[in-house]
Structure formats: C-alpha cells, structure tokens
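What follows is each chain in one-letter form.
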Amino acid sequence: MTELMHTDNIENGVQHGHANSRAGSKRKSLMIVEDDVVVGPPSNSVQLPLSVLKKLYHTYSIKQRRGGLKWFLIASLLFNIWLLIIPQGQCLEALFVTMVVFCINLLICILLHLNYLLSKPDSSTGLQRLINIFIPYAPHVLWTVCIIHLVLYILLQESVSPRDALGWAILMNFLIYVTLPVTLLYTGCLFGIGTVIFYLGALLIASRRDPMLIEQILANAVLILTAAVIGLLYYFMGEAKQKRTFVEAKKSLEVKMVIEEQSAEQERLLLSVLPKHVAVKMRQDLGSTSSEPFKKIYMSRHENVSILYADIVGFTAISSTYSAQDLVKMLNELFARFDRLAEKYQQLRIKILGDCYYCISGAPDERPDHAVLCVHMGLSMVKAIKYVQQKTNSPVDMRVGIHTGAVLAGILGQRQWQFDVYSKDVELANKMESSGKAGRVHISDKTLAFLTGEFEVEPAYGEKREEALRIAGLKTYFITKVLKPFASPCAKKTIESQDIDNDQETLDEELLKSSNGKNLKNDEIETEVEILDKQTVFKQRLEEELVARDGHENLSQNTTLFLKFKNKNLEIAYAAYREPYSSVPLIAALLVQCVDIVYSFIVLPRSPLHFVNISAPIIPIFMLVFISIAESFPEDAPEFFVSISKRFNDITFVRELAAIIIAVTLGLSNVIDMYFFLAFVKTEHIVTEGEFNVTTVGFSVTESVNEPLEDSTLESDFIVYPSYMSNFAVLILISIAVIAQLTHVTKIVLMLIIAALHCYWNMFIMNDLYAFEDHLAKTSAMMSSFCASGTLVVVTVALSFFARHMDREDRVIFKWKTEVAEQKDMATDMRQRNEALVYNVLPVHVAEHFMKNTKRSHDDLYSQSYAEVGVLFASMPNFSDFYSEETVNNQGLECLRFLNEVISDFDALLELPQFQDIIKIKTIGSTYMAASGININRISHPDDPITKRWAHLSVLVEFALELKNALQGINEQSFNHFVLKMGINHGPITAGVIGARKPHYDIWGNTVNVASRMESTGKAGAIQVTEETCNILQEFGYTFQQRGLVSVKGKGQLMTYYLIGKSDKSGYGGHTKLSPNDKRSQYSGSPPTPRISKINETDINQIQNIIIHKENYSKSEESEEDIKASLLTPQTNGGSSLDYKTSIDNETNALLH
C-alpha cells in the first residue's frame, strides 16, 4: 500500500503550551484497494479512488516544492556573480559561458516571477498559458544549464586542480534534492547521480597529473555524496511532512464535509421551523450570558402584514371514520401541499393547529403585494381541498379568512420553540375565518385596501355574524373573481389573461399532485449519482484546500520581517509545536562529523592528534542526537530512552539549546582541526616556516621546492591541501541549515559565525599553507585562501535563503493546520449550535429521525403511537385582560415580554431531574401544553401495577402543582394576580409530525381532546380530571373533590373531579412540600428575579372589570368548531390563535375573592 494512505503520527490541531509527544503513538490509516477504489471502515466520509488521490497528492507536492526552485536559482546566480566578479584565472571563453548562463538564469527568474504575477485571478491568460507550458520543465532546464556550466567551467580552465568548484558541486548536489520540484524516482536520482558523474568526469579529464589525484577524486566523491545523503534525508523528511499535511487536510476535509452536511440538514430543519433572522439571532446568543433582569425575547413588530387562517369545514364528520394515525397521515399530506403553495406564494407558515392552518405575508420581509399573495394562497387552498374530498368521498371544504394589520412575530419560552404571531389583528384574522363560509375566501376591508383592484369582491357581512368584527369596525367581503391572474416572478413571457388562468390552474394542480410511489431503480440511480456528485465536490474542494492555496502569500500578511507571527499566541504555539520526526535531521551533523574522519584519512596528512581532535566531538554529538531522536523511534529504541527523549524535547529551550550545541561543536571542531593541522605541518617540518617567503602581493618559493611539479619527488606526506578543510565547512553549513529545531535567524547567525571563523583562519592563519597549495597547483591569479573564503561566503548566503525558505514552509504548514483546525472547530460549533436549536424545536428522537433521513420525501410521515400517556393543559385565562397594545406597552411587546418570563419559568421546571419524563408539546398564546410517558425507551406491561405503569402521570401532576407555585412566586414579585386553569387526562395518543417540509411536532387523539376540555370547562386555580384519571391518581395518595357531570363537546356528559391535594401519609416518591419561594429557588438556581408590574399602569381592580366575550356559533357550524376545540388548545386574546369557547364567570369570581 502506498505511503500516501499509510501515514504515521498525523497531527490534528495545534499544540499549545508544552508540546506533547506524538511520535510515540502511531495512528495508521489502513485501507484495502479493490478495483482501484479505496475501501475503508464504514464511514460517512467520501472515499475517492486511489488513483485520484495519488494524482492530487503529486500535484500538491510538486506545487509546494516549486517554491524552492527559486532558491536553487538564486544559488546558481550567486555562483555566476562570484565567477564574474572574481575571474580566478578564467579564460575569455569561460567568462563568456558564465555570462550566458547568468543571462539564462536571469531569464528563468523573470519567467518564474511572471508566473507568480499572472497566476492571480485578475490577470490575462494569454502569456500565462505559454509560461505554464514552460514551468513544469523549468527544473530540468535549470539543472541542465547548471551542469553544463560546471563542466565547461572546468574544461575551459587553463590550469585545473581537482579542488576547483568543489564547494559549488557539494552545494548543488544538496540543493537538487531539496529545492527542485521533481519526483525523486528517476528524475531526482538522475540529476543527483548525473551531477556527481559529470563533475568528477570533467575533473579526471581536465586535471593535470596532480599528486594524489585519485585520492582527491575519492575525497571529492565522499564530500559530494555526503551532501547528497543529507539532501535525501531532508527530502524524505519533507516528503513525509507533505504527506502528513495532505492526509490531515483530506481527513479534516472529510470530517468538515460530514459536519457541514449534518449542519446543513440541521440548518434546513431549523429554518423550516423558524425564520432565518430569528434562527441566526438565537444561534448567536446561544450559550451567552446576559446581565439583564429579563430573559431574552425574540420578538419584533411588523406593520402591514396579511394574516391568513384556513380551517377544514366538515372535518368532524370524517374524523369519526378514521383512526387518529390515518387522520394525521391525511393532514400531513394535505398540509404538505399547503406548504408548497406557501413557498410559491411567498407565505410564511406560522403554525398548524389540528385541522387549522395559518400563515402570513409581508413579514419578516416587507413586500407591497402581501395581500394579493395571501388571497391567491387562499384560493389555491380551496382548490387543494379537492384532494381530501376525493380521498374521503365526503363534502369537506375550506373556510379561509384574511385580515391585514400589525403583528408581533417571534417565539416565547426557552424550550420547544415555535414561531408565532400575536396581536389584536391576529385575533381578528381568526374571527374572519370563523365567520366566513365554506369554499369562500373571506377578507376584511383592511385587506381589500391593499388588493389594488386585482380581484372582484362582494359584501360578506361578516360583521353581522361576529361581534368582534363589529366592535373593530370592520367590513368584510368575499372574493368572487380574479381580475389579474397571478404571475410567477420567474415567468419569462406575458400570456393572455385566459391562458394565464388555465396555466395557473394547471400549475396548481401539478403542484398538488402526490408523489406516493417511487421507482426503486430510480432511487438506485439517484444514489449512484449522489455518490459521484459527492466525490466530484470532495475532489474539487480538496484541490482548493491543497493545490490552489497560496499559503506563502497569506503568511506574509501574518508575519514580520523575521517570520515571527504577529499573533503572539500563535508564535508561542509554534515555538512549542514540533513535527513528528523533526529531530531526525540532526543525524546529518553526526554523519558530517563521521565523514570528517573518512575524507581526512584519504587526502590530509595523517596525525594522531588530528584524528583525536576530529573523533572526540562524535561522542557528545552522538549523545545529543540520540536523546533527541529516540522518541521518533519508540519501537526500536529502549523505552527508558524514549521516555527521556519525550521529556527532553517537550522543553523548547532545551531542545533548541541541544541543537545549538551540536552546530557549534561541529563548526568549532573543524576550526580547531585547522589549527592542529597547521601545528602538525610545521612541527613535523613537512613545510617549514623558512621555506615560505610570503609577501603582500604574492609569494615565491625557495629553490628546494621550485622545481617543476611533474618532476618532483615529493612524498604524499609532504603534500598539503588546506582547501579541503574549507570545502568540508560547506558540509557543516549544510548540516546546520537543515536543523529543524532552530529558527532561520538562529541558523543564519550560526552559519555566519562559523563561516567568518573559517574565512579568518583561511586568510590570516593558514595563508602560508594556501600559498604552498597554490604553488603546487601552479595558479597565481588569486590566492586559494581568498577563493575558498569567497566560496564559503556565497554558500552561506545561499543557505541563508534556503533556511529562511524552510522556516517559511514550516510556518505555512503550521498556520495551515491551525486554520484547518479552526475551520473544523467552527463547523463543529455551528453544528452544535444548530443541534441545540433543533433539539429545542423538536424532541431529540424526532429531530434525529429527520436529520438522518435526508433522502425522505417531503410528504413522508413520522408518527408514533403510545398507549399510556398523560396530557396537561394549563392556561392563564386572565392574561387577555392584561394584554394591551398601547404605546406605553410598546404596542404589546412588553406584555409579551412578561408572558415570556412566565413561560420561561415554566420551561425551567423541565430541567429538574424529577421532571425529565415530562415533554413540553407547545404553547398557544398563554396556554401551556405538556405530556408525560412519551419515551421511546420506556417499557410497560399490562400486568404491571398501576403505581409503576402510571408513575409518570403522578409526576405530571407534581409538575402541574409546581406550575401553580411558580406562577404564585411571579405574582408576588410583580404584584399581579394571574391564575392557572388546568386539565389533565390520560390514555393512548398518536405523536407525529405534520408537514415534513416544515415539521411541526404534535400529539393527537381522544386523550388530548378530553384533556383540552378538562382545562376549558374547569375553573381558575383548579386542576380538573376525568373519573378514570382520578381513580389512577388516588393510588398515589391524591385527594379529589367531585365536581359532577360536565357537558363536553363531542363526549357528552362526563363525571369530573377537582384535585384537592395529596395526603401526607402517602408521601409518594419521598416528595417534600416546599414553600413557593423555596421551589422557585430550587428550579431557578438563583434568587428570584424582580418581575415587571402591570404594564398598562392600571391597578389590580382592573381584573374585576373582565369583559366576558360570548361566542355565537350557528348549529350548522357546531361540528366543525367542535373538532377544532377538540384538536386544538383553546386560547385567550393574548396573541392566541383561537379564543376560548367557554364562559369564564367562575374565573372572575375566583379572582375577585
């Protein structure tokens, strides 16, 4: 398996503080290749074919290494300039060749710069295409030019020694592997081997019969090959680093795409329930703390909004012939069609209440045609009811009411958020629907004023049928004809009116068609296409992440001149961070010190003191190198040393100090060796001081050594070549340049110091020996000491650029990793925030169902039946009197802020451990609905005792009592006298989601209807239950007072009871009664927050002036209103969707007392 898919020690994230060792824990990504497809462990990630990954990595690797090409070019230019400025005895032909090569290198440099400039998006592409053809061949051209120049330089010399251009040959063979953007196999090895062969071959051809020629050629080979080994070592280190980066980016992108996909599904689900502006604001505030005394309310006022209410007339008749689950399915299919119509007509669906559907237009985005769109929506809904007529074979119809006015739109509470609208105009829109007629769209004169003559109307006289409309001074109308048919915004041409009518009707019919059956083969094709699309998108994004990214340019904006991150925390993290195997390049220092022994033995005079001097540093260097790299090889090194190595490298200062000690030891060792070499030569009288007569302008050699060299009988022990020590210093500089533990500034300083010491020693201490070497070589143009020193200066400058490039590359990778980690963290944070919001809109198991089934049809139904569930309705019947839309109340917003505090405190109770089995279903105005026993993991058996089967019902009663205590605490703090009217029932229910396009979770069934009736027919301050519920709760020690028979619509006469309390001796569940203040502190976790007083600046006597609105319903409409009252929670005027349909005389009496 290729290394690309088998990578060790992948670093994820950024290490802060002390760097933790990662080399010891190898993590392998093992995959099996079958038919060129990567097969891995089951995962949601995209798996690309291996061939595609290889190609992507090759492109990425070449592009990343292309940045080093210019540093090879700069080194070549420096060598050209050096030869041009200091001829060193070159003939005119050699100078001409050097000038030509210099011009070619300069041209390549210009082309590379043009490629950088023209690669920007706003550049022209004509010249860029020509440059793009050249760029892949630029490394080949550059190496060819350099090697030709090197060979010609040697061959055209009048007098050539085996040491000519040795320093440049060493540097060149190192740079081939670390800077040229070519593959190592074939091309890289060919360049490296070719350099050695051509250089040594040229020396063998052109060199005189120099003493120790073979030894010098062998020494040259050792030095050049050592540079190649260091280059290969760094190449493999860089390659491993790039592979890790590639695999990290790939894995991070996989994770990020999975997170993004999940987040997108969460976002889609969230935005299908909440408007975008509300969802965005809530996501931003999630997890934040506020010092305000009131909880955050997400509510905004909108003027000129059209509100549409639609109700199914005759639904009661068909509901008795279908099961609850079938009814849910039918409503889901119908309301899914309504949702599609809402998208077409730019409506914002607010809520589904049983068989009632209502939406608005003109909010949150204002639009002048809001009323027109609402009317078109209503007319289309009347057509859409034909679906139910055909399916049920019954005369059901739609009754639609529309009113235009102002609304307060937003959400209340802290859990199970549902977007809703509140205002007096919302109540009037509800009255417009209830006072309308089946099959007709009923509008108010406020709405008519915004229709601009696009519809023909007739008087409807709804104000005569509904008292609230008459009090509001509204005139009502029915829509009779469409004068200006609806034109879709995407329509491309104008059509005649009649044709538009026909097309419009056809369009609506097509829109309402159900897609019940799907071909399995088409599903398989869609799945395959989706996989291919994901692979294509993943490949494109991976290319953008890895290939099309210019990290070097981005780095310049974030670093100083010395490549220090401007962000101090990032710089500290980078200093503490280290790549896996980053200590391995220290082996180069140990290798160079060992090579010192080898080449010295070959070409330098052999002295015991000399070998002791060059051997002694090997021991400390070996110890420091071993302790530094032991953690990189945990399977090979003893565990004791691996542990020490980890602790050693964890301390940034220690590992940097160790690297500096190695570099200084290596450099000083050669300088000291030069001193001992000079002392040995003079002490052993190989060349005595009296034999030299060095002057400032040249030198002359005594007669003892002035004979022609070819006839000389000098023994090899009397031949000295001090320039080899200077050329060996090039290897020392290279080994320092590749140290990864040091910054480029530190490495440059070390190289400059070592180079300066060698230059000083060459020109002032060993000049006698260099003069003797020049005499042996018969060159007098320039002393070898100056040439060797100049070469060291050029090499130091070239390696300084390279060290900066290395540091820059490491910082680019580091910053890239931080950005990838930050992006992944941002995606994760977004997912978590969306997840928190979604789980606050839908129950967890329902939200997971929708987010996992991304391929579901929009008409798919989610439903679940539960046999033993408790249902609670709790309303504040006197909140309608509290609510007003006066200026002092900020048009009702402050009243809703108070209601938000109440509902939020109710929601806070659900956080208590004892109420974990209670689920909030929804709030409708000031009515709070909750249920117990809705737990998919709950297992109950019919033969279980009642106290076990219905334990959750007892908890629901305790929750109801806590609601009363919570409201009592609020009353005490706000000087109000709000009361709760509650009803509880138990039995089977159907829970499900209506409108998969815009999911709305609710529960249905006879149990819910009766619980709603228990609340609506009860009295303020009491909890009313049926006889069956009373019998169960008595088993838990609760006491009741019989109320008597109560007439419940749809159920006849039911015997009901009021909950009195709980007997002390029962003590079920160890319940301890708390005072109201204690209970508020228990669930709030903080001292009670001061509540606002009555906003409309009236005193408590206002409660005595409650206006009791009696609703007059015709007998012909009683069945429809009955099912609505059964399926829906009755509400008050405080922003409710439906008014309570019962008298509140008992409530008034309770409040007065």
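Q: Can you explain the nonpolar core? Please cite residues and give values.
A: Among soluble globular proteins, nonpolar side chains are generally buried collectively. Grouped together as the largest cluster of nonpolar side chains are 113 residues, with contacts concentrated most on Ile-170, Phe-174, Tyr-199, Leu-223, Leu-731 and Leu-799. Ranked by the residues each element gives to this core, the list is headed by helix α27 (residues 723-737), at eleven residues. If near-sequence neighbours (up to four positions away) are discounted, Leu-223 is found in contact with Leu-166, Ile-170, Val-595, Tyr-599, Tyr-724, Phe-728 and Leu-731.

Q: Help me get a handle on the packing of aromatic side chains, residues and values and all.
A: Taken as a whole and assessed by the stated rule, the structure comprises 34 aromatic pairs. With 4.8 Å between their ring centres and 15 degrees between their planes, Phe-79 and Trp-168 make a pair best called stacked. Highlighted residues: Phe-79 in helix α2 (residues 69-85) and Trp-168 in helix α6 (residues 166-179), separated in sequence by 89 residues. Owing to a relative accessible area of 6%, Trp-168 belongs among the buried residues under this scheme. For the ring pair Phe-898 and Phe-978, a centre distance of 5.3 Å and an interplane angle of 35 degrees mean the geometry is tilted. Within this pair, whereas Phe-898 is found in helix α33 (residues 893-909), its partner Phe-978 is found in the loop between α35 (951-974) and β16 (981-994), the two being separated by 80 residues in sequence. Neither residue differs from the other here; Phe-898 and Phe-978 are each classed as buried. Among the aromatic residues, ring-to-ring pairing joins Phe-565, Tyr-574, Tyr-577 and Phe-814 into one connected group. Positioned over the ring face of Tyr-461 is Lys-464, at 4.7 Å from the centre of the ring.

Q: With reference to specific residues and values, describe the packing of helix α22 (residues 587-603) against helix α23 (residues 608-615).
A: In contact at an axis separation of 9 Å, α22 and α23 are set at 160 degrees when each is read in the N-to-C sense. Overall, the two elements α22 and α23 adopt an arrangement that is roughly antiparallel. Relative to α23, the crossing made by α22 is right-handed. Contact residues: α22 offers Gln-593, Asp-596, Ile-597, Ser-600 and Phe-601, while α23 offers His-610, Phe-611, Ile-614 and Ser-615. Here the residues of the contact of α22 with α23 sort into four nonpolar, four polar and one charged.

Q: Could you give an account of the pairing of strand β8 (residues 441-444), naming the residues involved and the relevant values?
A: Burial along β8 is two-sided: the residues Val-441 and Ile-443 and His-442 and Ser-444 are all buried. For strand β6 (residues 397-411) and β8, the ladder comprises three bridges, and the chain directions are parallel. Paired with Val-400 across the two strands is Val-441, which belongs to β8.

Q: Could you give an account of the side chain of His-370, with specific residues and numbers?
A: Tracing the sequence through the fold places His-370 in helix α12 (residues 370-384). Residue classification places His-370 among the buried residues on the basis of a relative accessible area of 2%. Discounting residues that sit within four places of it in the chain, His-370 has contacts with Asn-304, Val-305, Ser-306, Ser-361, Gly-362, Thr-404 and Phe-450.

Q: Requested: an account of the side chain of Lys-817, with residues and values cited.
A: Looking at where Lys-817 falls in the secondary structure, it is placed in helix α30 (residues 784-839). One polar contact links Lys-817 to Tyr-577, side chain to side chain, over a distance of 2.6 Å.

Q: Any chance you could break down unusual backbone geometry for me, citing the residues and the numbers?
A: Residues Ala-363 and Pro-364 are joined by a peptide bond in cis, for which omega reads 0 degrees. Within the element layout of this structure, Pro-364 appears in the loop between β5 (356-361) and α12. Although it is not a glycine, Gln-416 adopts a positive phi angle of roughly 45 degrees. Considering the arrangement of structural elements, one finds Gln-416 in the loop between β6 and β7 (420-422). On the basis of relative accessibility, which here comes to 10%, the residue Gln-416 falls in the buried class.

Q: Any chance you could break down the environment of Pro-605 for me, citing the residues and the numbers?
A: With respect to the helices, strands and loops of the structure, Pro-605 is situated in the loop between α22 and α23. We classify Pro-605 as buried; its relative accessible area is 7%. For the pair Pro-605 and Val-720, spaced 115 residues apart in sequence, the C-alpha to C-alpha distance is 6.9 Å.

Q: Give a detailed account of the packing of helix α24 (residues 618-629) against helix α25 (residues 639-650), specifying residues and quantitative values.
A: Between α24 and α25, the shortest axis-to-axis distance is 7 Å and the interhelical angle comes to 90 degrees. It follows that α24 is roughly perpendicular to α25 by the angle criterion. Counted together, Phe-626, Ile-627, Ser-628 and Ile-629 of α24 and Phe-641, Ile-644, Ser-645, Phe-648 and Asn-649 of α25 form the full contact between these two elements. For the contact of α24 with α25, the per-class residue count stands at six nonpolar, three polar and no charged.

Q: Go over the confidence of the model for the chain with me, naming the residues and quoting the values.
A: Regions with low pLDDT should not have their predicted coordinates read in detail. This prediction gives the chain a mean pLDDT of 76; 75% of its residues lie at or above 70. For the stretch residues 490-527, pLDDT sits under 50, and the model shows 32 contacts to residues farther than four places along the chain or on other chains. Note on residues 1065-1153: pLDDT is under 50 here. Beyond four places in sequence and across chains, it has 204 contacts.

Q: Break down a nonpolar patch on the surface for me, with residues and values.
A: Residues Leu-561, Phe-562, Val-664, Leu-668, Ile-672, Val-745, Val-749, Ile-753 and Leu-757 make up a contiguous nonpolar surface patch of roughly 740 Å² in combined accessible area. Among the elements of the structure, α26 (652-683) and α28 (744-765) are those that each provide at least two residues to the nonpolar patch. Structurally, Phe-562 can be placed in the loop between α20 (551-556) and α21 (568-576).

Q: Account for the environment of Lys-817, with residues named and values stated.
A: A relative accessible area of 6% means that Lys-817 is categorised as buried. Between the C-alpha atoms of Lys-817 and Ala-249, which are 568 residues apart in sequence, the distance is 8.0 Å. Within polar-contact distance, the side chain of Lys-817 engages the side chain of Glu-579 at 2.7 Å.

Quick notes on the rules
Residue positions are given per chain, counted from 1 along the sequence in the order it is written. Residue-level local features of this predicted model are given only where pLDDT is at least 70; pairs of side-chain atoms are given and counted only at 80 or more, and the full residue set underlies all totals for whole chains, interfaces and linings. Computation of side-chain values covers all heavy atoms of the structure but excludes hydrogens and water. By convention a nonpolar core is built from buried Ala, Val, Leu, Ile, Met, Phe, Trp, Tyr and Cys residues, the set being connected through side-chain atoms within 4.5 Å. Residue burial is assigned from relative accessible area. The probe radius is 1.4 Å, only protein chains are included, and a residue is buried under 20% of its type maximum, exposed over 50%, and partly exposed in between. Comment: elements are numbered from the N terminus, with helices defined as DSSP H or I runs of at least four residues and strands as E runs of at least two. Only heavy atoms enter the contact rule, under which two residues are in contact if any of them lie within 4.5 Å. Under the pairing criterion, centres of Phe, Tyr and Trp rings, with the six-membered ring standing for Trp, must be within 6.5 Å; the plane angle then separates stacked pairs below 30 degrees from edge-to-face pairs above 60, leaving the rest tilted. Only when the NZ of Lys or the CZ of Arg is both within 6 Å of the ring centre and within 35 degrees of the ring normal is a charge said to sit over the ring. Here an angle of 0 to 180 degrees is reported between the N-to-C directions of two axes, which are lines fitted to C-alpha atoms, with helices fitted over the stretch in contact. An angle counts as roughly parallel when it lies under 35 degrees, as roughly antiparallel when it exceeds 145, as roughly perpendicular when it falls between 65 and 115, and as oblique in every other case. What makes a crossing left-handed is the near helix being turned counterclockwise from the far one by less than a right angle; a clockwise turn instead makes it right-handed. Only Asp, Glu, Lys and Arg are considered charged in this grouping, and only Ala, Val, Leu, Ile, Met, Phe, Trp, Tyr, Cys and Pro are considered nonpolar; every other residue, Gly among them, is considered polar. One bridge is not enough; two strands pair if DSSP finds at least two bridges between them. In the analysis that follows, any N or O atom pair within 3.5 Å is treated as a polar contact, provided that within protein one partner can donate a hydrogen and the other can accept it, and provided that, for residues neighboring in sequence, both atoms belong to side chains. As a per-residue measure, pLDDT tells how confident the predictor is, with possible values from 0 to 100. Nonpolar side chains (Val, Leu, Ile, Met, Phe, Trp, Tyr) are joined into patches within 5 Å and like charges within 9 Å, using only residues with over 30% relative accessible area and no salt bridge. All accessibility values rest on the Shrake-Rupley procedure with a 1.4 Å probe; residue burial counts only the protein chains present in the view. Whenever Lys or Arg places a side-chain nitrogen within 4 Å of a carboxyl oxygen from Asp or Glu, that contact is recorded as a salt bridge.

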